[in-house]
There are 2 protein chains.
Amino acid sequence: MNQPHEAVLSSAQPATAPLPVALVDALRALLGERFSTAASTRDHHGHGESYHASRPPAAVCFAQSTDEVSAIVKLCAQQRTPIIPFGAGTSLEGHVTAPHGGVCIDLGQMNAILNVRPADLDVTVQAGVTRQQLNTYLRDTGLFFPVDPGAECTLGGMAATRASGTNAVRYGTMRENVVSLTVVVASGEIIRTSGRARKSAAGYDLTRLFVGSEGTLGIITEVTLRLYGVPEATSVAICPFDDLKSAASAVATIIQMGIPVARVEFLDKYTIRATNQYSGTTYREVPTLFFEFHGSEREVHDQAALAQQIAEDHGASGFEWTADPQDRARIWKARHTVHYALQSMRPNGRIWSTDVCVPISALAGCIEETHRDIEAASFYVGIVGHVGDGNFHLGMVLDPDNPAEMAEAERINERLVHRAIAAEGTSTGEHGVGTGKIKYMELEHGGGVKLMHAIKRALDPDNLFNPGKILPSLDL
Amino acid sequence: MNQPHEAVLSSAQPATAPLPVALVDALRALLGERFSTAASTRDHHGHGESYHASRPPAAVCFAQSTDEVSAIVKLCAQQRTPIIPFGAGTSLEGHVTAPHGGVCIDLGQMNAILNVRPADLDVTVQAGVTRQQLNTYLRDTGLFFPVDPGAECTLGGMAATRASGTNAVRYGTMRENVVSLTVVVASGEIIRTSGRARKSAAGYDLTRLFVGSEGTLGIITEVTLRLYGVPEATSVAICPFDDLKSAASAVATIIQMGIPVARVEFLDKYTIRATNQYSGTTYREVPTLFFEFHGSEREVHDQAALAQQIAEDHGASGFEWTADPQDRARIWKARHTVHYALQSMRPNGRIWSTDVCVPISALAGCIEETHRDIEAASFYVGIVGHVGDGNFHLGMVLDPDNPAEMAEAERINERLVHRAIAAEGTSTGEHGVGTGKIKYMELEHGGGVKLMHAIKRALDPDNLFNPGKILPSLDL
């Protein structure tokens, strides 16, 4: 349990190594034109969003079934070739890069919605189904899937990174909303992590082990998810504050009071400014909370009234709420395009997006300290957060080819992560570890990292699955 | 990953083997009078509740701190001696038996409530704190811990078995309500499974791995739990039905409608009869639902009205609800003493308690089929369930010394488990695997059992922690 994983590392493919001819032939025989070594295809699969440098795989397989994924895994295992799963490529921490080369399995063509079960409030989908695709499909059923990270990402990718987003404060993250997974493991065997009962005490929680494992323990090919009834009524509210601390303190009070807000999003003045310029909105350029409330007409009214009272107790004066569907859509569109709004603040700018999550009592202090760091930064930075969970992000708008800016961003990120961990928080609330947060795993987990290593070695002894992700000493 | 664990098994202590003298001396030096080999102490620690035969450990250690647990684990590891954690001994599936002998660590003296944090809605306790102790302590804070399996069990034991109970339909199980754990692992090292943020995407979910691991991967010594505000209003309702199917169908509809019931318990006519005799109640001896509603005065009223309407749509006529605290207490006391009520139906009877959990759409059918089995049984059997989760129990009142009755109970249990798994449910919703459900693990998990074995070997290579539990080929 204590030895590093050297023997395995030395057998991994270097980044530029071509695949063994026998493997290429076998994959081409299996997949035909759905196997590609074209440079453009490889390049497209070598990176997510955010600032991480592209590391293309040696080839890309476009799988169409769990059985095909199993066959690909068996072929790659014979040649000890790394396997990197790829959904929609919206990752923010380098999850889909191929630092050890190998074969990317693109699951985007596995986009069938297999079974909607309204009576059980669950659905089974192939891993390549996106959350918008699912919710569009569900439109006439009165049901919806709430986990919403903003991007047009796949549900398999969301399970693999334990994604969450704006609705998590009320409905939970992928941790709470994945019922069961179909996974191809290192032997190529296909397993199902659990049945569909709402709870079980029958052995180790394999579902939760694969949720958030970022493709390092197996390839998720099908996902069973919990569904919820579309609320009878929905309203949204916007509330500007004079200062950061008042906004964050108001959120803490709302959570402590147990008000079941569906969304409570924080945007700092820099993010509001970028949003106004990008989306044509005219919000006051001050720290602002965006709320959404779900329930019956009366519940929604009561929740909004309570939130308004608490906000005003914290000095807010401009609480405005609306149930108009067009107003709601406009507000959330502005919120969901924050990434691009920030990016537009600088020609050819790229976003270094980082997130942390802290206990709610530490939120105001952490945001204030972080704000001081970004006030001193040489580039534009916005803070935006799913603050009901204590989760907030920095979007640093920089030039990845400028080493001084990258070093400065690294320092800001490091101070942020240390601050969050010192508050008993986490180095990432929802973006995941990928390659970007590996350096903080020891600080956050201490001896727990050894357990994670032991689990990785036990389930993937040849280090085939997404090598170089999550775990420090397995990295290059 | 595929070899059985033979080398380890052969080094395990036979059940009656005394401990090595060096280990006895070292443990006595460490713990003084808190180390015992007295027969009465060993006997007390060799069994839980329910029907499983006692298998006493060779000695019992009464630990008072995480550091002491770490020291005990290190000493036992040196001698390859099994270690069995013990909370309150309320287990129903043989979790605390010592089929391989070894040392029991009783955590009952680790009963300090370490830190209540109202602002973060969480609390950290030592593993030996019971749920009633915690809720009594919290009484003046306006907060409570909802997970309620009925028995006076420890929170460490509840985490270890992934317990749930009556409130889980609204508040979730230990899976959802454990924030973080302190665990002594096989090396004796003390790890913390995570920080206290409400969500994290930083690596494998060690918390969820230890929740439900039944002491087979490490010893849980501290537990951080989510707390909730005591609801402004609470009401309860009782609703008799003419038949099982109508009652179960009404529950399914209530869940599908998204009514946030806090509790919805099913008692069949046999359980009602036993309750009437034991608790002096005068309920109609028909299938009956017990409800509890939490919220504001208005919400509680609205929820009860909706539930009543649905129940009446399913043919119920006697829906009665009350907010009177004494009525509520009387109703839940009757519900919580069902185990003893059933036991009292036969002089010197013991309860074989078994539970399964199925998707809600399969609940009515599974309960009906199970009812036919128990109508044909030669002994008294009651069905009782946390049916909002699809979870129900059989309490079979039998004589464990009668082989014919034990064989008959085994057949009923086996049919129940097969029925649940065929419906994509689980062999145990909340009691856990222990020794009693091991035989169903392959049926339920297929290839997943190999992964569980691999995890067990990775984290506990010498099979020290609670050997003979959960995993089939690690058993004697």
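Residues numbered from 1 in each chain as written. Chains lettered and ligands numbered in written order. Predicted model: local features only at pLDDT ≥ 70, side-chain atom pairs only at ≥ 80, totals over all residues.

1. Remarks on the overall build of chain A
Okay, so step 1: Helix and strand counts for chain A stand at 18 helices and 18 strands.
Okay, so step 2: For chain A, the C-alpha radius of gyration of 22 Å lies close to 23 Å, the compact-globule estimate for 476 residues.
Okay, so step 3: For chain A, the C-alpha atoms occupy an extent of roughly 70 × 55 × 40 Å along the three principal directions.
Okay, so step 4: Residues counted as buried form 60% of the 476 residues belonging to chain A.
Okay, so step 5: Taking contacts inside chain A between residues at least 6 apart in sequence as the whole, the part at least 24 apart equals 72%. (Helix = DSSP H or I, 4+ residues; strand = E, 2+ residues; numbered from the N terminus. Rg over C-alpha atoms; globule rule 2.2 N^0.38 Å. Buried ≥ 20, exposed ≤ 12 C-beta atoms within 10 Å, placed from the backbone. Contact = placed C-beta atoms within 7 Å.)

2. Concerning the pairing of strand β2 (residues 59–62) of chain B
Residues and elements named next belong to chain B.
Okay, so step 1: Residue alternation in β2 divides its side chains into two sets, A59 and C61 and V60 and F62, and both sets are buried.
Okay, so step 2: In the sheet, strand β1 (residues 35–36) pairs with β2 via 2 bridges, with the strands oriented antiparallel. If you follow S36 over to β2, its bridge partner there is V60.
Okay, so step 3: Where β2 lies against strand β4 (residues 103–106), 4 bridges are found, and the strand directions are parallel. Opposite C61, over in β4, you have I105 as the bridge partner. (Pairing = 2+ DSSP bridges.)

3. Some remarks on the nonpolar core
Okay, so step 1: Residues I105(A), V251(A), L363(A), C61(B), I105(B), V251(B) and L363(B) are the most contacted members of the largest nonpolar core, which totals 304 residues.
Okay, so step 2: In contact with C61(B), not counting residues within four places along its chain, are L27(B), L31(B), R34(B), F35(B), I72(B), V103(B), C104(B), I105(B) and D106(B). (Core = buried A, V, L, I, M, F, W, Y, C linked by C-beta atoms within 7 Å.)

4. Focus: the interface of chain A and chain B
Okay, so step 1: The interface is formed by 72 residues belonging to chain A together with 72 residues belonging to chain B.
Okay, so step 2: Counting residues per element, the ones that place at least two in the side of chain A that touches chain B are α8 (174–177), α9 (206–210), β11 (228–229), α10 (244–256), α17 (441–445) and α18 (448–459) of chain A.
Okay, so step 3: Top contributing element to the side of chain A that touches chain B by residue count: α18(A), with 8 residues.

5. Re helix α4 (residues 66–78) of chain A
Okay, so step 1: Over its 13 residues, α4(A) runs 19 Å from end to end, which matches the ideal 18 Å to within 8%, given 1.5 Å per residue.
Okay, so step 2: R80(A), located one to two residues past α4(A), shows a positive phi value of around 50 degrees. (Expected span 1.5 Å × (residues − 1).)

6. Remarks on the domain arrangement of chain A
Residues and elements named next belong to chain A.
Okay, so step 1: Examined at the domain level, chain A breaks down into domain 1 (6–109 + 437–474), domain 2 (113–229) and domain 3 (232–432).
Okay, so step 2: The centre of domain 1, based on its C-alpha atoms, is set 33 Å off from the matching centre of domain 3.
Okay, so step 3: Opposite the 9 residues of domain 1 that make contact, domain 3 presents 12 residues.
Okay, so step 4: Class assignment of the residues belonging to the side of domain 1 that touches domain 3 gives a composition of 4 nonpolar, 2 polar and 3 charged. (Domains from an automatic or database assignment. Nonpolar A, V, L, I, M, F, W, Y, C, P; charged D, E, K, R; others polar.)

7. Structural notes on the relation of the copies chain A and chain B
Okay, so step 1: When chain A is fitted to chain B, the residual RMSD is 0.0 Å, and the transformation amounts to a turn of 180 degrees plus an axial shift of 0.0 Å. Such a combination of rotation and displacement between the chain copies is what one expects of a two-fold axis.
Okay, so step 2: When the interface residues of chain A are mapped onto chain B, 100% of them again fall at the interface, so both copies present the same face. (Least-squares fit on C-alpha atoms with pLDDT ≥ 70 in both.)

8. Description of helix α18 (residues 448–459) of chain B
Okay, so step 1: Between its first and last C-alpha atoms α18(B) spans 17 Å; for 12 residues at 1.5 Å apiece the expected length is 16 Å, and the two agree.
Okay, so step 2: What α18(B) keeps buried is the set G448(B), V449(B), L451(B), M452(B), H453(B), A454(B), I455(B), K456(B), A458(B) and L459(B).
Okay, so step 3: Buried residues along α18(B) sit against β9 (190–192), α9 and α18 of chain A together with α17 (441–445) of chain B.

9. Quick notes on the sheet that holds strand β12 (residues 233–240) of chain B
Residue and element names in this part refer to chain B.
Okay, so step 1: An order of β15-β12-β14-β13-β17-β18-β16 is seen for the 7 strands of this open sheet, with the pairing classed as antiparallel. The two strands at the open ends of the sheet, each matched to only one other strand, are β15 (320–322) and β16 (350–357). For this sheet the average axis-to-axis angle between neighbouring strands, irrespective of direction, equals 15 degrees.
Okay, so step 2: The pairing of β12 with β15 spans 3 bridges and is classified as antiparallel. Bridging from a neighbouring strand, V236 pairs with T322 of β15.
Okay, so step 3: Sitting on the sheet, helix α10 (residues 244–256) touches β13 (263–267) and β14 (288–295), and the angle it makes with β13 is about 165 degrees. (Axes fitted to C-alpha atoms, helices over the stretch in contact; angles between N-to-C directions.)

10. Observations regarding the packing of helix α2 (residues 21–31) of chain A against α4(A)
All names here are of chain A.
Okay, so step 1: One way to put it is that α2 packs onto α4 with a least axis distance of 10 Å and a crossing angle of 170 degrees. Considering their axes alone, α2 and α4 lie roughly antiparallel with respect to each other. Contacts between α2 and α4 involve L23, A26, L27 and L30 from the first element and A71, I72, L75 and C76 from the second. (Parallel < 35°, antiparallel > 145°, perpendicular 65-115°, else oblique.)

11. Details of the environment of N463(A)
Okay, so step 1: Residue position: N463(A) is located in the segment after α18.
Okay, so step 2: Separated by 382 residues in sequence, N463(A) and T81(A) have C-alpha atoms that sit 9.1 Å apart.

12. Some points on the confidence of the model for chain A
Residues and elements named next belong to chain A.
Okay, so step 1: Looking at chain A, the pLDDT average stands at 94 and 96% of residues meet or exceed 70.
Okay, so step 2: Counted against residues more than four places away or in other chains, residues 1–15, with its pLDDT under 50, gives 29 contacts.
Okay, so step 3: Taken together, the chains of this predicted complex give a pTM of 0.95 and an interface ipTM of 0.95. (pLDDT = per-residue confidence, 0-100.)

13. Observations regarding the environment of F86(A)
Residues and elements named next belong to chain A.
Okay, so step 1: Secondary-structure assignment places F86 in strand β3 (residues 83–86).
Okay, so step 2: Classification of F86 as buried rests on a count of 27 C-beta atoms within 10 Å.
Okay, so step 3: Taking the C-alpha atoms as reference, F86 lies 9.4 Å from V60; in sequence the two are 26 residues apart.
Okay, so step 4: Beyond its immediate stretch of four places on either side in the chain, F86 contacts H45, V96, C104, I105, D106 and L107.

14. Section: unusual backbone geometry
Okay, so step 1: Not every positive phi belongs to a glycine, and E424(A) is a case in point at roughly 65 degrees.
Okay, so step 2: The residue E424(A) is located in the loop between α16 (403–422) and α17 in this model.
Okay, so step 3: Taking the C-beta count within 10 Å as the criterion, E424(A) has 21 such neighbours and is therefore assigned buried.
Okay, so step 4: Not every positive phi belongs to a glycine, and R162(B) is a case in point at roughly 55 degrees.
Okay, so step 5: Its location among the elements puts R162(B) in the loop between α6 (155–161) and α7 (168–171).

15. Regarding the pairing of β16(B)
Residue and element names in this part refer to chain B.
Okay, so step 1: The buried fraction of β16 is high, at 7 of 8 residues.
Okay, so step 2: Pairing of β16 with strand β18 (residues 391–398) involves 8 bridges; the strand directions are antiparallel. The residue of β18 that forms the bridge with T354 is L394.

16. A closer look at the sheet that holds β1(B)
In any sheet, the strands associate via hydrogen bonds between backbone groups, in a parallel or an antiparallel arrangement.
Residue and element names in this part refer to chain B.
Okay, so step 1: Pairing is mixed across the open sheet formed by 4 strands, whose spatial order is β1-β2-β4-β3. Sheet topology places β1 and β3 (83–86) at the edges, where each strand pairs with a single neighbour.
Okay, so step 2: Against the sheet, helix α2 (residues 21–31) engages β1 and β2, with an angle of about 25 degrees to β2.
Okay, so step 3: Packing against the sheet, helix α4 (residues 66–78) makes contact with β2, β3 and β4, and its axis sits at approximately 175 degrees to β4.

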